[in-house]
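This is what each chain is made of:
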Amino acid sequence: MMNIPENVLDQFDHLYKLQPGVATKIKNFILKTFDYQPKIGILGKTGVGKSSLCNALFGKDVAPIDHVESRTREHQEYPVGVGSGNIKLVDFPGVGENQERDMEYKTLYSEQLPELDVVLWVLKADDRAFSTDEEFYHNVVKPHLVQGKPFIIVLNQVEKVEPMGEWDSNNSIPGCEQQKNIDAKIKDVAKKFGLDTKNVIPVSCGKKYNVVTLVETITYAIPKDKKLTFVNSVLNENRSEKAKEEAKSGFFKEFGEFTNTVLNENRSEKAKEEAKTVIVEGSEGDGGKYIEEDWGQKIGETIGYFVNNTIVIKLLNKVAKHFFPWWPFS
């Protein structure tokens, strides 16, 4: 668990005139959300750059990932400490070694895939054919992917896509014809895997090209209660303002839904009516009817009757800022 300074979360005790234990549940929810350990699955053949991708995203070189011998038939988990948090990288064996192995892996994938927060499949952008990956995905992986599970293909080493000489080394971006070929490759891969093109992200880990876009794509794809700790796990240079705001929005939405459930469980019908007239710190209780409408979450229905929205926002931002220095404060 995170090292919580004294009284940081105790301020929540004074926000709610409810039955004992409600504030404690809310504080525990915040701690659980802030302390979550993202679990990221890394798939792909040996040598496609899985280790370099992990290094580009998290700043940690997980060397064993790209050196798992073909005889390994179990998944390998690598805990990686990043900043104030941790992530768990899960490397899977196989990817079309042979039919016998594929049959063995079906059980492994059926057990492990549901436990992952996001699945990244790494391909080499300059490979001419992906038939092995494609067959393995459709026959072994896809049947065991839970519906809605974020699945993203990473086209790595795009600087090697022809014509290689067009790569703009000064700006670390593809040339005009090279970009056209990359776009064509994205469409081809998306079609073969049956995915939307937005789930096929071209990157160059070595050139640090488009890694920020990959982070944004993952952030938007994963469940709202997991966004915060994923964004916290990546290198600071990979955290765009879009990713930060999406993580913040996801947290507030999840917080609103949680408090709605907890407060309704602990509030009698009489208390619900009385709550509407409560005045806290000189502000009308219904002042919290909406907390950041842009987030689309009417948290006021759960806590707005007890405290002005400005007080809640400031307190939540204060707590989050303590744990995540990059947190968008305003």
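Residues numbered from 1 in each chain as written. Predicted model: local features only at pLDDT ≥ 70, side-chain atom pairs only at ≥ 80, totals over all residues. Heavy atoms only, no water.

### As for the environment of Asp-183
The cut-off we apply is this: Secondary structure elements follow DSSP: runs of H or I of four or more residues count as helices, runs of E of two or more count as strands, with numbering from the N terminus. Buried means the residue's accessible area, taken with a 1.4 Å probe over protein chains only, is under 20% of the maximum for its type, while exposed means over 50%, and partly exposed covers the values in between.
Within the secondary structure layout, Asp-183 lies in helix 5 (residues 176-193). Looking at Asp-183, the relative accessible area reads 34%, which means it is partly exposed.

### Points about the packing of helix 2 (residues 50-58) against helix 6 (residues 211-221)
When two helices pack together, their arrangement is given by the angle between the helix axes and the distance between those axes. Spelled out, the test is: Angular values range over 0 to 180 degrees, each being the angle between N-to-C directions of two axes fitted as lines to C-alpha atoms, with helices fitted over their stretch in contact. Just so you know how the angles are binned, under 35 degrees is roughly parallel, over 145 roughly antiparallel, 65 to 115 roughly perpendicular, and the rest oblique. Any pair of residues with heavy atoms lying within 4.5 Å of one another is described as a contacting pair. When residues are sorted by character, Ala, Val, Leu, Ile, Met, Phe, Trp, Tyr, Cys and Pro go into the nonpolar class, Asp, Glu, Lys and Arg into the charged class, and all the rest, Gly among them, into the polar class.
Look at helix 2 against helix 6: their axes get within 10 Å of each other, and the N-to-C directions meet at 85 degrees. Between helix 2 and helix 6, the angle is such that the two are roughly perpendicular. Here Leu-53, Ala-56 and Leu-57 of helix 2 lie close against helix 6, whose contacting residues are Val-211, Leu-214 and Val-215. Classifying every residue of the contact of helix 2 with helix 6 gives 6 nonpolar, no polar and no charged.

### Things to note about the confidence of the model for the chain
What counts is decided by this rule: pLDDT runs from 0 to 100 and stands for how confident the predictor is about each residue.
Confidence in the prediction for the chain averages 77 pLDDT; 71% of positions are at 70 or higher. The secondary structure element of the chain with the lowest average pLDDT is strand 7 (residues 279-280), at 32, and the one with the highest is strand 6 (residues 200-202), at 97. With pLDDT under 50 throughout, residues 68-72 is counted as low confidence; its partners more than four residues away or in other chains account for 10 contacts. Here residues 274-308 is a poorly scored stretch, pLDDT under 50, and it has 69 contacts once near neighbours within four places are set aside; other chains count.

### Overview of the pattern of salt bridges
Here is the rule: By definition here, a salt bridge exists when the distance from a side-chain nitrogen of Lys or Arg to a carboxyl oxygen of Asp or Glu is within 4 Å.
Within this structure, the stated rule accounts for 10 salt bridges. Taking the shortest distance from any N to any O, the salt bridge between Lys-244 and Glu-241 comes out at 3.3 Å. Note that Lys-244 and Glu-241 are positioned in helix 8 (residues 241-266) at a spacing of 3 residues, about one turn of the helix. Among the ionic contacts, a cluster of salt bridges with common partners joins Lys-224, Glu-254 and Glu-257.

### Looking at the packing of aromatic side chains
Worth spelling out the cut-off: Centre distance within 6.5 Å is the pairing criterion for rings of Phe, Tyr and Trp, where only the six-membered ring of Trp is used; planes under 30 degrees apart are then read as stacked, over 60 as edge-to-face, and the remainder as tilted.
Across all of its chains, the model carries 21 aromatic pairs by this definition. Each ring, one from Trp-326 and one from Trp-327, has its centre 6.4 Å from the other, and the planes form 45 degrees; the classification is tilted. Judged by relative accessible area, Trp-326 falls into the buried class, the value being 9%. One aromatic cluster is present, formed by Phe-29, Phe-34, Phe-251, Phe-252, Phe-255, Phe-258, Phe-323, Phe-324, Trp-326 and Trp-327 through successive ring pairs.

### Description of the side chain of Lys-50
Which entries qualify depends on this criterion: Identification of polar contacts relies on pairs of N or O atoms within 3.5 Å, with a donor-acceptor requirement for protein atoms, meaning one able to donate a hydrogen and the other able to accept it, and with residues adjacent in sequence counted only if both atoms are side-chain atoms.
Among the secondary structure elements, Lys-50 is positioned in helix 2. Here the side chain of Lys-50 touches Gly-44 through a polar contact of 3.0 Å, landing on its backbone oxygen.

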